[in-house]
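# Structure assessment
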Amino acid sequence: MIIEICATTINSVINANRAGADRIELCSNYSVGGLTPPLELIKEALNISEIPINVLIRPRPGNFIYNDDEINKMKNDISSIMELGINGFVVGSIQSNGDIDNEFINEVRGLTDTLDLTFHRAFDYLNNQNESIDILISSGFSRILCSGNKSNAIKGIENLISFNKYSNNGIVIMPGGGISKQNCLEFKNAGFKEIHLSGIPKSNSLDSLDSDYKTIEEIVSKTK
């Protein structure tokens, strides 16, 4: 099973590497669900990481309905970050009617060539999710990060299983949100190939956002 760690600090990048994780989603501002990280953080992370790094592209907190200026900012950020040699991007955008932003998805695919692409948890807010799965498969996305339309992936596991079945191996459905060492095996046993988590203990304050090495290591040992 592939373990992706959401990292917002260099120490978390180090812990993910040491503990045996497979991939990092790099972002900033964990307390608001993640935003596009600064170039300095990306460069430092790339310099020390031996596992692939995908960078979150999200210009602000809140909903995933973006205006033209925000769309252009995301595309400009993608172009700038691509020059650093990253593995891929994590993106998402929704139209005002609740449908997937197909134009943005295709523009991102065109900008990024063959880089790895994940559609993030904006997916949980889409109207027609099966149709959106088809669109993302056709656009060449690698995976969808979602929590099954619920506040966490355990609550949404039945929906996640349904998405996974519908996708028919055309795209990876990657559960994320509330995954821990206590419940990670439920996702492996349900047939998921990848999971996404921060590895940040619930006891940590929002001012202490480093992932815990032992937590990640335990999840890796349980799921491999």
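Please read these numbers as outputs of a predicted model, since none were measured by experiment. (Residues numbered from 1 in each chain as written. Predicted model: local features only at pLDDT ≥ 70, side-chain atom pairs only at ≥ 80, totals over all residues. Heavy atoms only, no water.)

### A look at the packing of helix H1 (residues 10-19) against helix H2 (residues 39-48)
- Axis separation between H1 and H2 bottoms out at 10 Å; the angle between their running directions is 25°. Taken together, the axes of H1 and H2 are roughly parallel relative to one another. The two elements H1 and H2 cross, and the hand of that crossing is right-handed. Residues Ile10, Val13 and Ile14 of H1 form the contact with H2, whose own contacting residues are Leu41, Glu44, Ala45 and Ile48.
- A per-class count over the contact of H1 with H2 returns six nonpolar, no polar and one charged. (Axes fitted to C-alpha atoms, helices over the stretch in contact; angles between N-to-C directions. Helix = DSSP H or I, 4+ residues; strand = E, 2+ residues; numbered from the N terminus. Parallel < 35°, antiparallel > 145°, perpendicular 65-115°, else oblique. Left-handed = near helix turned anticlockwise from the far one by under 90°. Contact = heavy atoms within 4.5 Å. Nonpolar A, V, L, I, M, F, W, Y, C, P; charged D, E, K, R; others polar.)

### A closer look at the packing of aromatic side chains
- Per the counting criterion, the structure on display carries four aromatic pairs.
- Relative to Tyr125, the ring of Phe64 lies with its centre 5.8 Å away and its plane at 45°, an arrangement referred to as tilted. Residue Phe64 is found in the loop between strand E3 (53-56) and helix H3 (68-82), and its partner Tyr125 is found in the loop between strand E5 (116-119) and helix H5 (129-138); the two are separated by 61 residues along the sequence.
- Given a relative accessible area of 58%, Tyr125 falls into the exposed group.
- Here the basic side chain of Arg18 rests over the ring of Tyr213, its NZ or CZ set 4.0 Å away from the ring centre. (Phe/Tyr/Trp six-rings, centres within 6.5 Å; stacked < 30°, edge-to-face > 60°. Buried < 20%, exposed > 50% of the residue type's maximum accessible area, 1.4 Å probe, protein only. Lys NZ or Arg CZ within 6 Å of the ring centre and 35° of its normal.)

### Topic: the packing of H5 against helix H6 (residues 157-167)
- Packing of H5 against H6 leaves a shortest axis separation of 10 Å and a crossing angle of 45°. Relative to H6, H5 is oriented oblique. Crossing hand, H5 versus H6: right-handed. Two secondary-structure elements touch here, H5 through Gln129, Asn130, Ile133, Asp134 and Ile137 and H6 through Phe163, Tyr166 and Ser167.
- Grouping the constituent residues of the contact of H5 with H6 by class yields four nonpolar, three polar and one charged.

### Notes on the pattern of salt bridges
- This structure, assessed with the given rule, holds eleven salt bridges.
- Between Lys73 and Asp77 there is a salt bridge whose closest N-O contact spans 3.4 Å. One end of the pair, Lys73, and the other, Asp77, are both in helix H3, four residues apart, so they sit about a helical turn from each other.
- Residue Asp77 is classed as buried on the basis of its relative accessible area of 18%.
- Note that Arg143 is salt-bridged to Glu194, the shortest N-O span being 2.9 Å. With a gap of 51 residues between them, Arg143 in strand E6 (residues 143-146) and Glu194 in strand E8 (residues 194-197) connect regions that are remote in the sequence.
- Given a relative accessible area of 5%, Arg143 falls into the buried group.
- Among the residues examined, Glu194 registers a relative accessible area of 4% and is labelled buried.
- Taken together, the salt bridges that share partners define one network made up of Glu4, Arg23, Asp116, Arg143 and Glu194. (Salt bridge = Lys/Arg side-chain N within 4 Å of Asp/Glu carboxyl O.)

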